[in-house]
Amino acid sequence: MYKNRLKPALEYYERLIKGGLSAEEAHDEMERLLVQIGFFQHERLIHLIVTVLFGLATVITIPAYMILLEPALLVLGGLFLCLLFPYIVHYFHLENGVQKLYLYYNELELLANPGTKKIY
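On a predicted model such as this, the values are computed, not experimentally measured, just so you know. (Residues numbered from 1 in each chain as written. Predicted model: local features only at pLDDT ≥ 70, side-chain atom pairs only at ≥ 80, totals over all residues. Heavy atoms only, no water.)

Novice: Can you walk me through the packing of aromatic side chains in this structure?
Specialist: Geometry of an aromatic ring pair is reported as the spacing of the ring centres plus the angle between the planes. Tallied over the full model, the rule gives three aromatic pairs. With 4.9 Å between their ring centres and 80° between their planes, Y12 and Y13 make a pair best called edge-to-face. Counting every residue linked through ring pairs, the aromatic cluster contains F54, F80 and Y87. (Phe/Tyr/Trp six-rings, centres within 6.5 Å; stacked < 30°, edge-to-face > 60°.)

Structure (structure tokens):
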């Protein structure tokens, strides 16, 4: 997801803002970017839920193994832990990318409304 959609979008908006836009072009790009941000926010929410569930499953299986001494629980906890790390890395990239999109939106807003002061 990050390499296929978010990274190219970040590169596109980086080039777009550096390239200079008219106020009307910036306004049109703002509208397109808002739609993309909405998609990425939905993706971010889903990945947050999955990451938290894998974290909880990992945390629950370790004490369950200590109480029940069932080797299958230790294996299950190890599998959860192996899946949790990539989810955390992916969510980290997704979160940072969406934050950058917010900044690009703010930059486009300044280009679309030249008299606006930068407050961030």
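Novice: Hey, could you run me through the environment of N113 in this one?
Specialist: With respect to the secondary-structure elements, N113 resides in the segment after α3 (71–112). Expressed as a C-alpha distance, the spacing of N113 and H27, which sit 86 residues apart in the sequence, is 8.4 Å. (Helix = DSSP H or I, 4+ residues; strand = E, 2+ residues; numbered from the N terminus.)

Novice: Whenever I open this one, the pattern of salt bridges confuses me. Can you help?
Specialist: Side chains carrying opposite charge are able to pair once their charged atoms draw close together. Applying the stated criterion across every chain, the model contains three salt bridges. A salt bridge links K18 to E14, with the shortest nitrogen-to-oxygen separation between them at 3.0 Å. Highlighted residues: K18 and E14, both in helix α1 (residues 2–19), separated by four residues, approximately one helical turn. With a relative accessible area of 66%, K18 lands in the exposed category. With its nearest N and O atoms 2.4 Å apart, the salt bridge here joins E29 to R32. Taken as a pair, E29 and R32 lie in helix α2 (residues 23–68) at a separation of three residues, close to a single helical turn. Note on E29: relative accessible area 7%, which makes it buried. Its relative accessible area of 46% is what places R32 among the partly exposed residues. (Salt bridge = Lys/Arg side-chain N within 4 Å of Asp/Glu carboxyl O. Buried < 20%, exposed > 50% of the residue type's maximum accessible area, 1.4 Å probe, protein only.)

Novice: What is the right way to look at the nonpolar core in this model?
Specialist: Within soluble globular proteins, side chains that are nonpolar generally end up buried alongside one another. Among the nonpolar cores identified, the biggest contains 19 residues, and L6, Y13, L33, F40, L101, Y104 and L108 are the most heavily contacted of them. Put simply, the parts of the chain that give this core at least two residues each are α1, α2 and α3. Of the residues forming this core, the biggest block, seven residues, is contributed by α3. (Core = buried A, V, L, I, M, F, W, Y, C linked by side-chain atoms within 4.5 Å.)

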